[in-house]
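Structural description and commentary
Each chain is listed here by its residues.
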Amino acid sequence: MSADRSPEEPAPSDAPRPEVSIVIPAYNEESVIRQCLIAAIYQSVPAAEIIVVDNMSTDRTALIVGQMQQEYPESPIILLSQDRAQGLIPTRNFGLNHATGDVLGRIDADSVLEPDWVEQVQNAFMDPDVQAATGPVVYYDMPMRRFGLKADDKMRQLMLRLAKHQYHFLFGSNMALRRSAWETIRDEACLDEKDEMHEDIDLSLHLAEHEMRVQYWPQMVSGMSARRLEDSPRDYRYYVTRFDRTYKAHNVKKMALKAPMVVFFSVYFPAKLLRAIHTASSSQSVRRGGQ
């Protein structure tokens, strides 16, 4: 899979632009789903559809989505229910299978898209050779967000070089793929019933097996929460080692691809401290503002 070409200028404005669907798997996301949908609605180019797939939530997730449908009747918000199996992968698959756009965007319920995200996705897919695209993220609930965005971008560029452009990994919080590409790999993508792998890397490796080109598009920016840092060290370690288990499932043995594991392990405690300080500072500001 070739991914070494840098993003090019968008095609002329008279060229047909692909319709973009946004798929959002959700399980007990009442605290973040509203901000996620507002960002998806207020785009410079509207999405063809915004699909929330509720996976048997026991909180107010589905209710909030229903309220958003009433508040924004002009927006193509669709609420689907996936109640056959618990888990991200069957919920993701259900949403992608029901999406009708030329390009299927896939984000998390805590993602907050930049206002030009849909437009940038369209730009990335103006090249007919591009079958999937991904971009950097900014952690909106961490300090030094601008620095964090640059660091995330640099790390993804480094991953591409370490993989010698043979693999280019999608990031589940900020990714898109052609519907035709999804239809090619959907019956091959691992169901991961034991919940041991990174589902986005699994998709990337299946795309690579078909020599489908994945494009890194740095202008395609999404915000996401750093709530993963709230995990215990043991749970965080299990999350990080999903990289290794995913590689083993695909018989990928490039040692250089273990670099993200080293990075994630090394930043856990410093980032956890920064997040705690930032949260405490934000809480104090809110209290002072209410006095």
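So, here is what we can say about the structure in this document. Source: prediction; values computed, not measured. (Residues numbered from 1 in each chain as written. Predicted model: local features only at pLDDT ≥ 70, side-chain atom pairs only at ≥ 80, totals over all residues. Heavy atoms only, no water.)

Ranked by size, the top nonpolar core spans 32 residues in total, and within it Ile 22, Ile 24, Ile 33, Leu 37, Trp 117, Val 121 and Phe 125 carry the most contacts. Only strand S1 (20-26), helix H1 (33-41), strand S2 (49-54), helix H2 (61-71), helix H4 (117-124) and strand S6 (130-134) provide two or more residues apiece to this core. Considering every element that reaches this core, the biggest residue donor is H1, with five residues. Counting 19 residues, the second largest nonpolar core, distinct from the first, contains Leu 80, Ala 99, Trp 182 and Val 214. (Core = buried A, V, L, I, M, F, W, Y, C linked by side-chain atoms within 4.5 Å. Buried < 20%, exposed > 50% of the residue type's maximum accessible area, 1.4 Å probe, protein only. Helix = DSSP H or I, 4+ residues; strand = E, 2+ residues; numbered from the N terminus.)

Quick look at the pattern of salt bridges now. Counted by the stated rule, this structure contains eleven salt bridges. Across the pair Arg 92 and Glu 199 runs a salt bridge whose closest N-O atoms are separated by 2.6 Å. Of this pair, Arg 92 sits in helix H3 (residues 88-98) while Glu 199 is found in helix H7 (residues 199-209), placing the two residues 107 residues apart along the sequence. No difference in accessibility class separates Arg 92 from Glu 199, as the two residues are buried. For the salt bridge of Asp 195 with Arg 242, the shortest nitrogen-to-oxygen distance reads 3.1 Å. In this pair, Asp 195 is assigned in the loop between helix H6 (179-185) and H7 and Arg 242 in helix H9 (residues 242-249), connecting sequence segments 47 residues apart. Taking relative accessible area as the criterion, Asp 195 reaches 44% and is therefore assigned partly exposed. One salt-bridge network, held together by shared partners, links Arg 92, Arg 106, Asp 108 and Glu 199. (Salt bridge = Lys/Arg side-chain N within 4 Å of Asp/Glu carboxyl O.)

Structurally, Asn 174 is set in the loop between helix H5 (145-162) and strand S8 (175-178). Setting aside its immediate chain neighbours within four residues, Asn 174 contacts Arg 106, Trp 117, Ala 133, Thr 134, Gly 135, Pro 136, Val 137, Met 220, Val 221 and Ser 222. (Contact = heavy atoms within 4.5 Å.)

All right, on to the sheet that holds S8 then. Strands in a sheet are paired, the pairing made by backbone hydrogen bonds, and the direction either parallel or antiparallel. Sheet architecture is open: seven strands sit in the order S3-S2-S1-S4-S8-S6-S9, paired in mixed fashion. Looking along the sheet, the strands with just one partner apiece sit at the ends: strand S3 (77-81) and strand S9 (213-216). Averaged over neighbouring strand pairs, the angle between their axes works out to 25° when direction is ignored. Strand contacts of H1: S1, S2 and S3, with the helix running at about 160° to S2, the strand carrying the most contacts. Together, S1, S2 and S3 form the strand contacts of H2, whose direction differs from that of S3 by roughly 155°. (Pairing = 2+ DSSP bridges. Axes fitted to C-alpha atoms, helices over the stretch in contact; angles between N-to-C directions.)

Bringing the pairing of S8 into the picture now. Regular strands place side chains that alternate from one sheet face to the opposite one. Residue alternation in S8 divides its side chains into two sets, Met 175 and Leu 177 and Ala 176 and Arg 178, and both sets are buried. Examined bridge by bridge, strand S4 (residues 103-106) and S8 share four bridges and lie antiparallel to one another. Paired with Gly 105 across the two strands is Ala 176, which belongs to S8. Pairing of S6 with S8 involves three bridges; the strand directions are antiparallel. Opposite Ala 133, over in S8, you have Ala 176 as the bridge partner.

One can describe the packing of H7 onto H9 by two numbers: an axis separation of 9 Å at closest approach and a directional angle of 30°. Comparing their axes, H9 and H7 come out roughly parallel. Of the two elements, H7 crosses H9, and the hand of that crossing is right-handed. Facing H7, whose interface residues are Ile 201, Asp 202 and Leu 205, H9 presents Phe 243, Thr 246 and Tyr 247. Per-class residue counts for the contact of H7 with H9 are four nonpolar, one polar and one charged. (Parallel < 35°, antiparallel > 145°, perpendicular 65-115°, else oblique. Left-handed = near helix turned anticlockwise from the far one by under 90°. Nonpolar A, V, L, I, M, F, W, Y, C, P; charged D, E, K, R; others polar.)

Now for the sheet that holds strand S7 (residues 137-139). Pairing is mixed across the open sheet formed by three strands, whose spatial order is S5-S10-S7. The two strands at the open ends of the sheet, each matched to only one other strand, are strand S5 (112-113) and S7.

What follows is about the packing of aromatic side chains. Counted according to the given criterion, the structure contains three aromatic pairs. Ring centres 6.1 Å apart and planes at 85° place the aromatic pair Tyr 42 and Tyr 72 in the edge-to-face group. With a gap of 30 residues between them, Tyr 42 in the loop between H1 and S2 and Tyr 72 in the loop between H2 and S3 connect regions that are remote in the sequence. If you follow Arg 228 out to its NZ or CZ, it ends over the ring of Tyr 239, 4.0 Å from the centre. Lying over the aromatic face of Tyr 238, Arg 245 brings its terminal NZ or CZ to 4.1 Å of the ring centre. (Phe/Tyr/Trp six-rings, centres within 6.5 Å; stacked < 30°, edge-to-face > 60°. Lys NZ or Arg CZ within 6 Å of the ring centre and 35° of its normal.)

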